[in-house]
Amino acid sequence: MGVGPFSNPSETYQYYDLPFCAPPEKDSKLLTLGEVVDGNRMVATQYDLSFRVDRDRSLLCKKTLAKDELKEFQDAIKDDYYFQFFYDDLPIWGYVGKVERVKGEDGKTNTKLYLFTHIHFDVSYNKNQIVEINVSTDPSQVVDVSDDVTGEVTAEFTYSVSWKESSTPFDKRMDKYRRYQFLKQHLEIHWFSIINSCVTVLLLTGFLATILMRVLKNDFVKYSRDDEDPEDAEESGWKFVHGDVFRFPPNRSLFCALLGSGMQLLVLSFCVFGLALVGTFYPYNRGSMFTALIVLYALTAGIAGYVSASYYRQFEGHKWVTNLLLTCSVFCGPLLAMFAINNTVAIVYGSTQALPFGTIVIILLLWGLVTIPLTVVGGILGKNARTEFTAPCRTNKYPREIPELPWYRSVVPQMLMAGFLPFSAIYIELYYIFASVWGHKVYTIYSILFIVFCILIVVTAFITVALTYFQLASEDHRWWWRSFLCGGSTGIFIYAYCFYYYYARSDMSGLMQNTFYFGYMAVVCLGFFLMLGYVGFRASLMFVRRIYRAIKCE
């Protein structure tokens, strides 16, 4: 249970932070790790909802609101505060009060603030199980707490309960929330938009693939003729840089750490999708996704260590400690830094989003005793793996000079071109995800999301391969970092969408909500950058090896 501004979903407080009728002793519920991270703080209320016992205008308490308590309710109603309860794991919501604008005798519009003092619960049951609950407030039973009210105000808080039998099976009671968020006509529009977007992207991808295959075919024919008549052959295009294309990239330790983290996040994403598709994350299963993310990230740390160390060995690196430290911190470092900032802001605000000290210790122990050791173990296995970098062409001792290239072949324009097409495949779905994470909607159509995610992976791989080919064709052999940056550039587009959603689609405001929104979205977009960067590099590596195996290199 909790309260908070409706437009700021991250700014939540404990229900009894407002001067409601509090029990003599607060009975707090033991929560899971994910529930605590999600900002839930469950406390039993004084509402008596005994099974199949109707109540009519039962008095909860009679309370005299002092000046400071009156001010708290005034601020809450002005900020459009809502409350959230859970009864038998079913969520219910209601507003604390209402704002009315009334014309006075002098013709001026006055703002009146009213506090709801009566709550009605409608509970449905099937045999001995609760299948539905709704809450409503009585607009006729209010207390005027407007700014012009002076002195103390007395309020009687009451509630009523009505029970009715229902034929809804217990295992179908969550379907109500799915239907509420996606009505039939909305769902059809949603499917149509997704299919339209996917078809458009796939047609563009197929068009570019056809062009690329025809160009490659012509290149192979040309180079095969040059091999038959070497005296008249003049090396040009991507064959010209065959002696430099497999020259290892600079900053190998950092590059390998980024690849390892990207691979870990890719595996983590597929694991989370697997849990979602089998129905683990049903609506309002409080904190289950956070628990899955924390545990799965810790358990997949060995993948990051193995992939990073394996590539670092292939690239003939020697600074193993630096490589493992970078692998452990390249994603966790920014995440922990952002968490420290946001948690400090939440503590200052007194919000339930501030994690207790015990929870922070548990997360740090999980990171120190599971994530880091698994990363080290994976790194040792990757270092000892007998995997050599097999290059189809011999690398020259000295690198060739790269010709002067037009501005649009530089890194930033190439990243913009690479990120636009994958982003266009997911931008429709992004609204629904943002409305779920940073709003009050529920996202349950994980099958659509998984299809879009797979299309994102495929399109990212292809567009990066195409740009790598054009880069090599212009005799620029520095494709290693470029393929990673171009693949991950979709993360930059997603972060740009954050600003669009904030200003055009939401009513979020305030320091705490803004730091949470822009801070954590920056970390999420960094995760997308690393994951898609790995996809882009891996696809480019396979492509480069394939085309250089098909020609004769001296």
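Structure shown above.
Report on the accompanying structure. Fair warning: this is a prediction, and the values are worked out from it, not measured in the lab.

## Details of the nonpolar core
Now for step 1: Counting 95 residues, the largest nonpolar core has Tyr311, Phe434, Tyr517 and Tyr548 as its most contacted members.
Now for step 2: The greatest single-element share of this core, amounting to 18 residues, is contributed by helix 15 (residues 511-549).
Now for step 3: Setting aside residues no more than four positions away along its own chain, Tyr311 makes contact with Cys256, Leu259, Tyr534, Phe537, Arg538 and Leu541.

## Observations regarding the sheet that holds strand 7 (residues 118-126)
Strand pairing in a sheet relies on backbone hydrogen bonds, with the paired strands running either antiparallel or parallel.
Now for step 1: Strands sit in the order 2-10-7-8 across an open sheet of 4 strands; the sheet is mixed. The sheet terminates laterally at strand 2 (55-65) and strand 8 (129-137), the two strands that pair on one side only. Looking at each pair of strands side by side, their axes are set apart by 20 degrees on average, direction ignored.
Now for step 2: Relative to strand 10 (residues 153-165), strand 7 runs parallel, the two being bridged by 8 bridges.

## Some details on the environment of Val452
Now for step 1: Along the chain, Val452 turns up in helix 12 (residues 446-473).
Now for step 2: Distance in space between the C-alpha atoms of Val452 and Val241 is 37 Å, their sequence separation being 211 residues.
Now for step 3: Discounting chain neighbours no more than four positions away, the residues touching Val452 are Ile194, Ala425, Ile426 and Glu429.

## Focus on the pairing of strand 4 (residues 90-95)
Now for step 1: Relative to strand 4, strand 3 (residues 81-87) runs antiparallel, the two sharing 6 bridges. Across the sheet, Tyr87 pairs through a bridge with Leu90, a residue of strand 4.
Now for step 2: Between strand 3 and strand 4, which pair antiparallel in sequence order, lie 2 residues; one of them, Asp88, sits at a positive phi of approximately 55 degrees.

## Quick look at the packing of helix 13 (residues 479-488) against helix 15
Now for step 1: Two numbers describe how helix 13 lies on helix 15: the axes approach to 6 Å, and their chain directions differ by 135 degrees. Comparing their axes, helix 15 and helix 13 come out oblique. By crossing handedness, the relation of helix 13 to helix 15 is classed as right-handed. Taking contact as the criterion, the partners of Trp479, Trp480, Ser483, Phe484, Leu485, Gly487 and Gly488 in helix 13 are, on helix 15, Phe529, Leu530, Leu532, Gly533, Tyr534, Gly536, Phe537, Ser540, Leu541 and Val544.
Now for step 2: For the contact of helix 13 with helix 15, the per-class residue count stands at 11 nonpolar, 6 polar and no charged.

## Points about the sheet that holds strand 4
Now for step 1: Read across the sheet, 3 strands follow the order 1-3-4 without closing on themselves; strand pairing throughout is antiparallel. Because the sheet does not close on itself, it has two edges, and the strands there are strand 1 (2-5) and strand 4. Averaged over all pairs of adjacent strands, the angle between their axes in this sheet comes to 25 degrees, without regard to strand direction.
Now for step 2: By the bridge criterion, 4 bridges tie strand 1 to strand 3 in an arrangement that is antiparallel. Bridge pairing links Gly2 to Gln84 in strand 3.

## Comments concerning the state of the cysteines
Now for step 1: The tally for this structure, following the rule as stated, stands at 1 disulfide.
Now for step 2: Each sulfur in the disulfide pair Cys21 and Cys61 lies 1.6 Å from the other. An S-S torsion of about -55 degrees defines the bridge between Cys21 and Cys61 as left-handed. With Cys21 in the loop between strand 1 and helix 1 (33-37) and Cys61 in strand 2, this residue pair connects regions lying 40 residues apart in the sequence. In this pair, the class of Cys21 matches that of Cys61, namely buried.
Now for step 3: Cys328 supplies the cysteine sulfur nearest to Cys256, a cysteine that is in no disulfide, at a spacing of 14 Å.
Now for step 4: Looking at Cys256, the relative accessible area reads 0%, which means it is buried.

Conventions adopted
Residues numbered from 1 in each chain as written. Predicted model: local features only at pLDDT ≥ 70, side-chain atom pairs only at ≥ 80, totals over all residues. Heavy atoms only, no water. Core = buried A, V, L, I, M, F, W, Y, C linked by side-chain atoms within 4.5 Å. Buried < 20%, exposed > 50% of the residue type's maximum accessible area, 1.4 Å probe, protein only. Helix = DSSP H or I, 4+ residues; strand = E, 2+ residues; numbered from the N terminus. Contact = heavy atoms within 4.5 Å. Pairing = 2+ DSSP bridges. Axes fitted to C-alpha atoms, helices over the stretch in contact; angles between N-to-C directions. Parallel < 35°, antiparallel > 145°, perpendicular 65-115°, else oblique. Left-handed = near helix turned anticlockwise from the far one by under 90°. Nonpolar A, V, L, I, M, F, W, Y, C, P; charged D, E, K, R; others polar. Disulfide = S-S within 2.5 Å.

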